[in-house]
Amino acid sequence: MPAPNTPSHPVRSEFADDPDMADLVEMFVSEMPDRIGALETCLREQRLGDLQTLAHQLKGAGAGYGFEPVSLIAGRLEASLKTNAELDAINAEVNELIDICRRLTP
């Protein structure tokens, strides 16, 4: 079995076995391609304010839907954007966030 930090390791919601949350978690995961596209666009166009907003939203939503790793990485990205970190560092954090978002599974 792959280690948790490898790209092939799926990330499951802590609510995966909660029948009351199943539909909501599935909806959140199904929206990930659009969120990833928005992150990529904002980074490519250097719309850092919009990128900060997306990071903030994912920070809250990730935790709310049981994806704590998303919340932690998005929070780190949001903090970097607030402190005007170097673009290379922001790029790396966006790519890390995109990677984890691609691995989400209900």
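Overview of the structure. None of these values were measured; they are calculated from a predicted model. (Residues numbered from 1 in each chain as written. Predicted model: local features only at pLDDT ≥ 70, side-chain atom pairs only at ≥ 80, totals over all residues. Heavy atoms only, no water.)

As a further point, take the packing of helix 4 (residues 68-82) against helix 5 (residues 87-102). Helix 5 packs onto helix 4 with a crossing angle of 160 degrees between their chain directions and a minimal axis gap of 10 Å. Taken as axis vectors, helix 4 and helix 5 run roughly antiparallel relative to one another. Classified by chirality, the crossing of helix 5 by helix 4 is left-handed. Touching Pro69, Val70, Ile73, Ala74, Arg76, Leu77, Ser80 and Leu81 of helix 4 are Ile90, Glu93, Val94, Glu96, Leu97, Ile100 and Cys101, all from helix 5. Tallied by class, residues from the contact of helix 4 with helix 5 come to 11 nonpolar, one polar and three charged. (Axes fitted to C-alpha atoms, helices over the stretch in contact; angles between N-to-C directions. Helix = DSSP H or I, 4+ residues; strand = E, 2+ residues; numbered from the N terminus. Parallel < 35°, antiparallel > 145°, perpendicular 65-115°, else oblique. Left-handed = near helix turned anticlockwise from the far one by under 90°. Contact = heavy atoms within 4.5 Å. Nonpolar A, V, L, I, M, F, W, Y, C, P; charged D, E, K, R; others polar.)

Our next topic: the packing of helix 1 (residues 22-30) against helix 2 (residues 32-44). Any two packed helices are characterised by how steeply their axes cross, that is the angle between the axes, and by the distance between the axes. Taken N-terminus to C-terminus, the directions of helix 1 and helix 2 make an angle of 35 degrees; their axes are 5 Å apart at the nearest point. Note on element contacts: helix 2 touches helix 1 through Met32, Pro33 and Arg35, opposite Phe28, Val29 and Ser30.

Our next topic: unusual backbone geometry. At Gln46, a residue that is not glycine, the phi angle is positive and equals roughly 55 degrees. Here Gln46 shows up in the loop between helix 2 and helix 3 (48-64). For Asn84, which is not glycine, the phi dihedral falls at a positive 55 degrees. By the element assignment, Asn84 lies in the loop between helix 4 and helix 5.

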